[in-house]
Amino acid sequence: METARAALDAALLRRAAAVLDLAADPGLDRETAGRLAAAANAARRAGEGERELTESRLSQALRAALDPPDAGLAPDRLDEVTVAARGVYLARVFHNDAVSDTRRARRSRLVRLLRLAGTAALPHYFEMDDQPPRR
Amino acid sequence: MTRARTPSGTPDATPQADGSGMRVGIVCPYAWDVPGGVQQHVGDLAEALGAMGHEVSVLAPVGDPDHRTPPYLVPAGRPVPVPYNGSVARLSFGPRTAARVRRWIAEGRFDLLHIHEPAAPSVSLLACWAADGPIVATFHTSNPRSRAMAASSGALRSALEKINARVAVSEAARRTLVEHVGGDAVLIPNGVSVRRFAHAEPLPGWPGRGGSIGFLGRLDEPRKGLATLLEAFSRMAPHRPELRLLVAGPGEADLSGVPESLRHRVVLPGRLDDADKIRAYHSTDVFCAPNLGGESFGIVLTEAMAAGAAIVASDIPAFGAVLDGGAAGELFRVGDADHLAERAAALLDSPERRAGLSEAARVAVRAYDWDTVAADIAHVYETVLTSGEGADAGVRLDGGRRSSGAPRRAHPRLRGERS
């Protein structure tokens, strides 16, 4: 469970870093670059309660900026962003899958009766808009 | 082996940069020496990953000891035929196989296991039980009422909880998984090695002047839909004196529905080797995929597309999706021989239409090329390995009670094998 969460955090951080890198690309117009950088920074700084919302906003900003992508962008920066965005989708599915498994296990009578879970908090699904930009 | 693992805490290091050289153990539940969609998938995936610089070992049952196997294959024992998921699967199970699975895991020192069809009561389920560490699983079955999946769901669930990442090869396969065991899976379609199928000489004597229709697949599996094609042929053949049918694949074909006078025009070359199979796709004017359902993806269909065949296929959802809703191949109502005969006849009469479909199929199949698909799968591996403690140790044997497979109490000798 912790592993899945760590993978999701890693994927989100990688995407934010890739977006900041892309925002620095001279091929991007200033306004779009500003919007992307602001969204990525907001996502990185967001507290626990706001992360899903800010990460979703970053997804939307990315789709708005890259559907279709500007011709002048450096291809490796663009690749890194699309791969990283796809990674967020993968990691989130795997994370929520692990949450489902854990929650199902915690519901079982035996686990509840014997308090096998101790005082561990019930894990939460990470709900966000993770649709990557089309290529 | 050489993979520099990202320590947790510095997760923003890009795994792509150092992700080459993963040691991957792939488990295939079905007999390697019998052709099938899953075996083909595993073989192509292993080769594509190898070409990307990863070390791959494949564990699969092998029935015929003389069968030529690729260097990455590790035999897991003799398979037995078992009716499974509406067809006959050749699977391996039991304590001896379990011992081999455990040895393979112990000696392989894998970074990650990739288990195909973990629900299949074969080496896949055994590997799920025996292993501990990063596990990716791919689900191929699409069957809304899979009794095997429903019956084994208890044992299956305990095995599935070990899986870090689930992949489904089609929307239908994903739905089957969600309905039977819950959770979710990412969708990564099957790949086809487009280059391998693109060019080949037709088999000698084909396609002939009078028109020809092709079929490939096991002949004795009802869900492959051969009966529908034979019925359609019986209706068309009297009006087309030179029309021939090429029906290639292992198994006994039931020709009782075809009138005696037409049977000599149904050509049965039996099971073809890989090279002849590719030639078969190039040998007929029209290629037919009459499957009745239960087909999660239709690897035969994408191969025919890669060969640039003019295709007429049943309109089951998986085929409709692959053929772009009919733009890359004609669709007919599933199981409807009249409709199939009508569509096939129209194609036989129009070389222009066939050329158009052939071109469209070659374009549409690019999305399913193995290079694209294997990169996506490798990304899944990296996502699983990027994080945390489990990844550092790679795949180990599970010391738990359920780890030894069929016998609940682990045999002391199996235990002793832990290195």
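Residues numbered from 1 in each chain as written. Chains lettered and ligands numbered in written order. Predicted model: local features only at pLDDT ≥ 70, side-chain atom pairs only at ≥ 80, totals over all residues.

### Concerning the overall build of chain B
Turning to step 1, where the next piece is worked out: Looking only at helices and strands, chain B features 17 helices and 17 strands.
Turning to step 2, where the next piece is worked out: Counting over 419 residues, chain B shows a buried share of 52%.
Turning to step 3, where the next piece is worked out: Intrachain contacts of chain B at a sequence separation of at least 6 include 71% that bridge at least 24 residues. (Helix = DSSP H or I, 4+ residues; strand = E, 2+ residues; numbered from the N terminus. Buried ≥ 20, exposed ≤ 12 C-beta atoms within 10 Å, placed from the backbone. Contact = placed C-beta atoms within 7 Å.)

### Re the packing of helix α2 (residues 37-51) of chain B against helix α15 (residues 370-386) of chain B
Residues and elements named next belong to chain B.
Turning to step 1, where the next piece is worked out: Contact pair α2 / α15: the axes reach a minimum separation of 9 Å and the direction vectors enclose 80 degrees. Taken together, α2 and α15 sit at an angle that is classed as roughly perpendicular. For the pair formed by α2 and α15, the contact residues are Asp44, Leu45, Ala48 and Leu49 on the first element and Trp370, Asp371, Ala374, Ile377 and Ala378 on the second.
Turning to step 2, where the next piece is worked out: Across the contact of α2 with α15, the residue classes tally to seven nonpolar, no polar and two charged. (Axes fitted to C-alpha atoms, helices over the stretch in contact; angles between N-to-C directions. Parallel < 35°, antiparallel > 145°, perpendicular 65-115°, else oblique. Nonpolar A, V, L, I, M, F, W, Y, C, P; charged D, E, K, R; others polar.)

### Looking at the pairing of strand β15 (residues 311-314) of chain B
Residue and element names in this part refer to chain B.
Turning to step 1, where the next piece is worked out: Residues Ile311 and Ala313 of β15 are buried on one face, and the alternating residues Val312 and Ser314, pointing to the opposite face, are buried as well.
Turning to step 2, where the next piece is worked out: In this sheet, β15 lies alongside strand β14 (residues 286-289) in parallel orientation, the contact comprising three bridges. Counted as the bridge partner of Phe287 is Ile311 from β15.
Turning to step 3, where the next piece is worked out: The pairing of β15 with strand β16 (residues 330-332) spans three bridges and is parallel. Opposite Ala313, over in β16, you have Leu331 as the bridge partner.
Turning to step 4, where the next piece is worked out: Note on the crossover from β15 through helix α12 (residues 317-322) to β16: the handedness is right-handed. (Pairing = 2+ DSSP bridges. Right-handed = clockwise from strand over helix to strand, strands pointing away.)

### Overview of the interface of chain B and chain A
By a widespread convention, an interface's size corresponds to the accessible area lost as its parts come together.
Turning to step 1, where the next piece is worked out: Taken together, the contact pairs 21 residues of chain B with 23 residues of chain A.
Turning to step 2, where the next piece is worked out: Secondary-structure elements contributing two or more residues to the side of chain B that touches chain A are β9 (165-168), α15 and α16 (388-393) of chain B.
Turning to step 3, where the next piece is worked out: Here the side of chain B that touches chain A takes five residues from α15(B), the largest share from any one element.
Turning to step 4, where the next piece is worked out: Of the residues in the side of chain B that touches chain A, the class split is five nonpolar, twelve polar and four charged.

### Some details on helix α2 (residues 30-45) of chain A
All names here are of chain A.
Turning to step 1, where the next piece is worked out: Here α2 is 16 residues long and its end C-alpha atoms lie 22 Å apart, about the 22 Å a rise of 1.5 Å per residue gives.
Turning to step 2, where the next piece is worked out: Buried within α2 we find Leu36, Ala39, Ala40 and Ala43. Mapping the buried residues of α2 onto a view down its axis gives an arc of 95 degrees, with all of them on the same face. The exposed residues of α2 that point more than 90 degrees off its buried face are Arg30, Glu31, Gly34 and Arg45.
Turning to step 3, where the next piece is worked out: Lining the buried residues of α2 we find α1 (2-23) and α3 (51-66). (Expected span 1.5 Å × (residues − 1). Arc of directions from axis to C-beta.)

### Brief notes about the sheet that holds strand β13 (residues 266-270) of chain B
All names here are of chain B.
Turning to step 1, where the next piece is worked out: Spatially, β13-β12-β11-β14-β15-β16 is the arrangement adopted by the six strands of the open sheet, whose pairing is parallel. Of all the strands in the sheet, the pair left with one neighbour each is β13 and β16. Mean inter-strand twist for the sheet, computed between neighbouring axes without regard to direction, equals 25 degrees.
Turning to step 2, where the next piece is worked out: Judged from the five bridges that link them, strand β11 (residues 212-216) and strand β12 (residues 244-248) form a sheet pairing that is parallel. Along β12, the bridge assignment pairs Ser212 with Arg244.

### A look at the sheet that holds strand β1 (residues 23-27) of chain B
Residues and elements named next belong to chain B.
Turning to step 1, where the next piece is worked out: The seven strands are arranged β3-β2-β1-β6-β8-β9-β10 in an open sheet whose pairing can be described as parallel. Edge positions in the sheet fall to β3 (73-75) and β10 (186-187), since each has one partner strand and no second.
Turning to step 2, where the next piece is worked out: For β1 and strand β2 (residues 55-60), the ladder comprises five bridges, and the chain directions are parallel. Across the sheet, Ile26 pairs through a bridge with Val58, a residue of β2.
Turning to step 3, where the next piece is worked out: Against the sheet, α2 touches β1, β2 and β6 (112-116), its axis set at about 165 degrees to β2.
Turning to step 4, where the next piece is worked out: Of the strands in this sheet, β1, β6, β8 (135-139), β9 and β10 are in contact with α15, which crosses β9 at around 165 degrees.

### Some words on the nonpolar core
Turning to step 1, where the next piece is worked out: Ala127(B), Ile311(B) and Ala344(B) are the most contacted members of the largest nonpolar core, which has 162 residues in total.
Turning to step 2, where the next piece is worked out: A per-element tally of this core places α1(A) first, with twelve residues.
Turning to step 3, where the next piece is worked out: When residues of this core are assigned to domains, at least three map to each of domain 1 (15-191 + 369-416) and domain 2 (194-368) of chain B.
Turning to step 4, where the next piece is worked out: Setting aside residues up to four positions removed in sequence, Ile311(B) forms contacts with Phe287(B), Ala289(B), Leu301(B), Ala304(B), Met305(B), Leu323(B), Gly329(B), Glu330(B), Leu357(B) and Ala361(B). (Core = buried A, V, L, I, M, F, W, Y, C linked by C-beta atoms within 7 Å. Domains from an automatic or database assignment.)

### Here we look at the confidence of the model for chain A
The predicted coordinates should not be examined in detail at positions where pLDDT is low.
Turning to step 1, where the next piece is worked out: Scored by pLDDT, chain A comes out at a mean of 84, with 97% of its residues at no less than 70.
Turning to step 2, where the next piece is worked out: Within chain A, the lowest mean pLDDT, 71, falls on helix α5 (residues 109-113) of chain A, and the highest, 89, falls on α3(A). (pLDDT = per-residue confidence, 0-100.)

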